Structure formats: C-alpha cells, structure tokens
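Report on the structure
Here are the chains, one letter per residue:
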Amino acid sequence: MTPADLFQAFARTRASLDGGEVTFWWSGDVYAWSPDQPYRRVFGFEGLNVARLVTTDGGYELLTREAAFYLDPDTREILETWEKKPVVHVWNDPANQRWRPFPVPLTRLGDQVCFSLEIPLAYPSPLPVAEFPENSADDTYKALEMFQFFAPATVFETDAPSVPSTMSWTRMSPWLPWMEQGQLPGGLTFHCRGRKLDSYDEVPERTRAYVAAHHPEFAHAPEAWSEPNETSWTYFRKLRDRGAL
C-alpha cells in the first residue's frame, strides 16, 4: 500500500471520488467543565455535513456546508433559548477544505480500518475580548478537533468511488459566544458519533424540516470553491454586527 493508496482510501471513506454529494449525520452531547466544578451535560447536539469532492491538480477540494443544532439534553428538542439567551445554531457556509496527499493515520481493526485526524486550532479570535467581553474568553481562539472515520478493510481493494463509513468526533473548545460566559475558566467538550448516509433523505425528518424552514441551501453541497470558511464565531459576529442578536 502506497501513500497514494492510503489517501485515495480516505477520500472514498470521507466522500465520493465521483463528485457525488455525500451526507454525514451525527448525534451526541456537549459537556461543560470548569475548575472545581463537576462536568455537566448542557446540550444534546445533532448535525449534518453535505459534501462534494472536486478533483484538482494534485489533490481535491472538499466543498461542504455544515449545520448543527443544540438540543435540550433530556427531550432532545431543538433549543431556541438557553438560560433566557437566544441559541445560535451552527450554520457554516462554506466549510471547505483543500486536500493534498498526506500520511493519514491508519489503525487496522480486524475487518475495519480507522482513519484518525487530530486538528489543533489556534488563531486570532474573530471576537476580541475588548469588543466582546461577554462573548469571548481570549483573543486567541483555541480548540482541538478529533475525528475518526471507520470503513471496511476492503476500502483498499475496491474500485467503488464511495464506501460505507461511520465516524466519531470529539471537540474541546471555549464557551460558545452566545452562552455569555465571558472569561470564566473552563469550556466545552463535544462528544458525537454518526455515519455516512445513502442520501440526504435519510437525515431525521425533524432535522430536515428545521433546515428547510431556516436555510434550505444546507440540503446540498456548494457548487464551487469559496472562502473564507464560516465558523460559529464568525457567524455570531455577523449576526451581532447587523443587529440580529
């Protein structure tokens, strides 16, 4: 198996080599932590990503839109408010990536393989503390995203453009801006799992209805590359700047 074989296997696990749309759906929970305080499950979390893989010179562009929703931790209903504050859900358009061949970490698990990605993030925060003292913990945004994509071990032998896949995702991040926790020590841990669907129609009906009512474009991947990517922090700032919060 060459590095190119490994890269192609990961690409058909995460997306589809023929450029067809691929939907991943996931569900999980969000936990709060703070020094000297017990961990608390503060939200359920459910989301989807619709992606299209485009071949480029030497690699791929992964064109995606990503939506995710904070849920009541017990009823699993989509929240509109939390502690009398408006909830700002995840509407990341775009959430694109440029891929060049890279050594994807691989673990063999019997009749499965697992591709692991650990992505530490640190960059100037879109919400400087001086301007957003209630919404920002630091002038540097710091987080850790950890993905695992599981595929059949035959992913290296098939000519199929796409293979079935399940996934797990863990994220350690600061408090969300709309939670208004200021510089309170601590933050959030997201713990989710999901799978590649056969089509967008397999997204739970409640979630599809919410997307259709608010941002129906999220049912499809972007047609072309655009930048910069949207994040929860940049989206929150846009809403604040135009007086929507």
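You'll find the structure just up there.
Basis of the calculations
- Residues numbered from 1 in each chain as written.
- Predicted model: local features only at pLDDT ≥ 70, side-chain atom pairs only at ≥ 80, totals over all residues.
- Heavy atoms only, no water.
- Buried < 20%, exposed > 50% of the residue type's maximum accessible area, 1.4 Å probe, protein only.
- Helix = DSSP H or I, 4+ residues; strand = E, 2+ residues; numbered from the N terminus.
- Arc of directions from axis to C-beta.
- Contact = heavy atoms within 4.5 Å.
- Polar contact = N/O pair within 3.5 Å; in protein donor to acceptor, adjacent residues only side chain to side chain.
- Core = buried A, V, L, I, M, F, W, Y, C linked by side-chain atoms within 4.5 Å.
- 1 Å grid on protein atoms, 1.4 Å probe; cavity = no way out; pocket = protein on both sides within 12 Å on 5 of 7 lines; lining within 4 Å.
- Points joined across faces, edges and corners; volume = space filled by probe spheres on them.
- Nonpolar A, V, L, I, M, F, W, Y, C, P; charged D, E, K, R; others polar.
- Salt bridge = Lys/Arg side-chain N within 4 Å of Asp/Glu carboxyl O.
- Phe/Tyr/Trp six-rings, centres within 6.5 Å; stacked < 30°, edge-to-face > 60°.

Some thoughts on helix H2 (residues 205–214)
Among all positions in H2, only Thr 207, Tyr 210 and Val 211 are buried. Summarising the axial view, the buried residues of H2 lie within an arc of 100°, below the 170-degree limit, and thus occupy one face. Relative to its buried face, H2 has exposed residues pointing more than 90 degrees away, namely Glu 205 and Ala 213. Among the structural elements, strand S2 (37–56), strand S3 (59–71) and strand S6 (90–92) are those in contact with the buried residues of H2.

What to know about the side chain of Glu 145
For Glu 145, the location among the structural elements is in strand S10 (residues 140–152). Separated by 2.6 Å, the side chains of Glu 145 and Trp 169 make a polar contact. Not counting residues within four places of it along the chain, the set of residues in contact with Glu 145 comprises Leu 117, Glu 118, Ile 119, Leu 121, Trp 169, Thr 170 and Arg 171.

Some thoughts on the nonpolar core
One finds Phe 43, Phe 45, Tyr 70, Trp 178 and Leu 188 to be the most contacted residues of the largest nonpolar core, which totals 66 residues. With residues near it in sequence (within four places) discarded, Leu 188 still touches Val 30, Tyr 31, Ala 32, Trp 33, Val 42, Arg 171, Met 172, Ser 173, Pro 174, Trp 175, Leu 176 and Met 179.

Quick notes on the layout of surface pockets
Estimates place the volume of the largest pocket at around 850 Å³. What lines the largest pocket is a set of 33 residues, among which Glu 66, Ala 95, Gln 97, Glu 145 and Phe 147 lie closest to the centre. Here the lining of the largest pocket is built from residues that sort into 20 nonpolar, eight polar and five charged. By volume, the second largest pocket amounts to about 190 Å³. Forming the walls of the second largest pocket are Ser 125, Asn 135, Ser 136, Ala 137, Asp 138, Thr 140, Tyr 141, Lys 142, Pro 174, Trp 175, Gly 186 and Trp 233.

Regarding the side chain of Ser 27
Within the secondary structure layout, Ser 27 lies in strand S1 (residues 22–34). Apart from residues lying up to four places away in sequence, Ser 27 is in contact with Phe 45, Glu 46, Arg 76, Cys 192 and Arg 193.

Thoughts on the pattern of salt bridges
Taken as a whole, this structure holds 14 salt bridges when the rule is applied. A salt bridge links Arg 98 to Glu 61; the shortest N-O distance between them is 3.3 Å. Here Arg 98 is found in strand S7 (residues 97–99), whereas its partner Glu 61 is found in strand S3, with 37 residues between them in sequence. A relative accessible area of 46% means that Arg 98 is categorised as partly exposed. A salt bridge links Lys 238 to Glu 230; the nearest nitrogen and oxygen atoms lie 2.9 Å apart. When its relative accessible area of 9% is taken as the criterion, Glu 230 is described as buried. Counted as one network, the salt bridges with shared partners bring together Asp 29, Arg 41, Asp 74 and Arg 76.

Details of the packing of aromatic side chains
Geometry of an aromatic ring pair is reported as the spacing of the ring centres plus the angle between the planes. Enumeration according to the criterion identifies 28 aromatic pairs in this entry. Between Phe 24 and Phe 149, the aromatic rings sit 5.7 Å apart at their centres with planes inclined by 80°, giving edge-to-face as the arrangement. On the criterion of sequence distance, the pair formed by Phe 24 in strand S1 and Phe 149 in strand S10 is long-range, its members being 125 residues apart. Look at Phe 24 and you get buried, because its relative accessible area is 2%. In this structure Phe 149 comes out as buried when scored by relative accessible area, which is 5%.

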